[in-house]
Amino acid sequence: RSAGVVGAAFCRGQSRSGVEEGPDRIRAAGLLDRLQQRGCAVKDYGNLVFDDVVEPSGGGGLRSVAAVGGANRRLSEAMKAVKEDGHTAVMLGGDHSLAIGSIHGHAAAVGQLSVVWVDAHADINTPLTTYTGNFHGQPMSFLLHELQSKVPVLPNFSWVKPCVSAKDLVYIGLRDVDPAEHYILKMLGVKVFSISEVDRLGIARVMEETCDYLTARGKKPVHLSYDVDAIDPSVTPATGTPVVGGLTYREGVYITEHLCGTGLLSAVDLVEVNPLLAKTDQDVQSTVNTAVDLLLGCFGRLREGNHPADYSLP
Ligand SMILES: N[C@@H](CC/C=C/[B-](O)(O)O)C(=O)O
Ligand SMILES: [Mn+2]
Ligand SMILES: [Mn+2]
Ligand SMILES: [Mn+2]
């Protein structure tokens, strides 16, 4: 297994600066070294940095339309290249609007794929239903075939081709869903394991049902889009839209251990780490260390322990 790491230092999908520092903070916490120590080959593609696109005023209440469209177009090309190089892609955000480019580029390389979206939020507002105008609340609406009649073509977005089917999408951790989003999820019959289902079923059953559901019609590469605010804010406070009652650290890591075990994990986003939004440095460290542990779980780290295949006792 090998990892191709792309940082996307982008914050314009929402209003709180600092999330563009996410990639460097996750790197500084030792992600690449710890992957290599686990015997994982790592290619670091560096950070995409986005110079400020001057926005025309207006935009219908939408925030930074042209910047979001342009950044995601570049990310899509970068993700496609990482996949064509044969790696499991790791996209370090940056805000969750980056899932537009990440999933789009992944699909451009592998064709049909499944999406596991781990988040407190559904991020499936359209540009016409969003009440904040923030694109980190909208990425899925640009990607789903079934929503295209409801999504207007925006400046710098004409390159986006819908590439995900509603039946190939599963949500885990939802607990802050807007009415329009709830309507869309019900209308399209999207599979949702909200925090209530996690409470009812337990995370092991949620993961079994997620994988059975996604492979029932044939195995496809899995794109895991992990918003760090899916985890409880007591563990990951340094994020822009914290919501109480989130996944425990243990549940969060279980998700990545389980998906790694399927052998289908093809790309993972780790987004919304904002080091400026924590009260203390310990809070930043807790957030960043959790992000690293979630990613290590994607690449075979097990809490029971691991040992090299060729290990022998001295
Ligand atoms: N539903 C809200 C919140 C969006 C949250 C985005 B996040 O999941 O990427 O944090 C909105 O549309 O602005
Ligand atoms: Mn999100
Ligand atoms: Mn979220
Ligand atoms: Mn967020």
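Our structure is the block above this text.
Residues numbered from 1 in each chain as written. Chains lettered and ligands numbered in written order. Predicted model: local features only at pLDDT ≥ 70, side-chain atom pairs only at ≥ 80, totals over all residues. Heavy atoms only, no water.

(A) Broad picture of the coordination of the manganese ion (ligand 2). Within the protein, the atoms that donate to the manganese ion (ligand 2) are His-96 (ND1), Asp-119 (OD), Asp-123 (OD) and Asp-227 (OD), at distances of 2.1 to 2.2 Å. Considering all six donor atoms around the manganese ion (ligand 2), angles at the metal cover 61 to 174 degrees and the coordination shape is irregular. The distance between the manganese ion (ligand 2) and the manganese ion (ligand 3) is 3.3 Å, with Asp-119 acting as a donor to both metals. Considered together, Asp-119 and Asp-123 belong to a single accessibility category, that of buried residues. (Donors = N, O, S within 2.8 Å, 3.2 Å for Na, K, Ca; no water. Tetrahedral: all angles 85-135°; square planar, octahedral: opposite > 155°, others 65-115°. Buried < 20%, exposed > 50% of the residue type's maximum accessible area, 1.4 Å probe, protein only.)

(B) How the structure looks around the packing of aromatic side chains. Scanning all chains against the criterion turns up five aromatic pairs. Pairing Phe-135 with Phe-142 gives two aromatic rings, centres 6.1 Å apart and planes at 35 degrees, and the pair type is tilted. One exposure class covers both Phe-135 and Phe-142, and it is buried. One aromatic cluster in this structure is built from Phe-135, Phe-142 and Phe-157. Over the face of the ring belonging to Tyr-45 we find Lys-43, whose NZ or CZ atom lies 4.8 Å from the ring centre. (Phe/Tyr/Trp six-rings, centres within 6.5 Å; stacked < 30°, edge-to-face > 60°. Lys NZ or Arg CZ within 6 Å of the ring centre and 35° of its normal.)

(C) Local environment of the pairing of strand S4 (residues 114-118). Here S4 lies mainly inside the structure; five of its five residues are buried. Of the two faces of S4, the one carrying Ser-114, Val-116 and Val-118 and the one carrying Val-115 and Trp-117 are both buried. Bridge count between S4 and strand S7 (residues 222-227): five bridges; the pairing is parallel. Its bridge partner lying in S7, Ser-114 is registered against Val-222. The sheet contact formed by S4 and strand S5 (residues 169-172) spans four bridges and is parallel. Within S5, the residue paired with Val-116 across the bridge is Val-170. (Helix = DSSP H or I, 4+ residues; strand = E, 2+ residues; numbered from the N terminus. Pairing = 2+ DSSP bridges.)

Worth remembering: the numbers are spatial, not functional.
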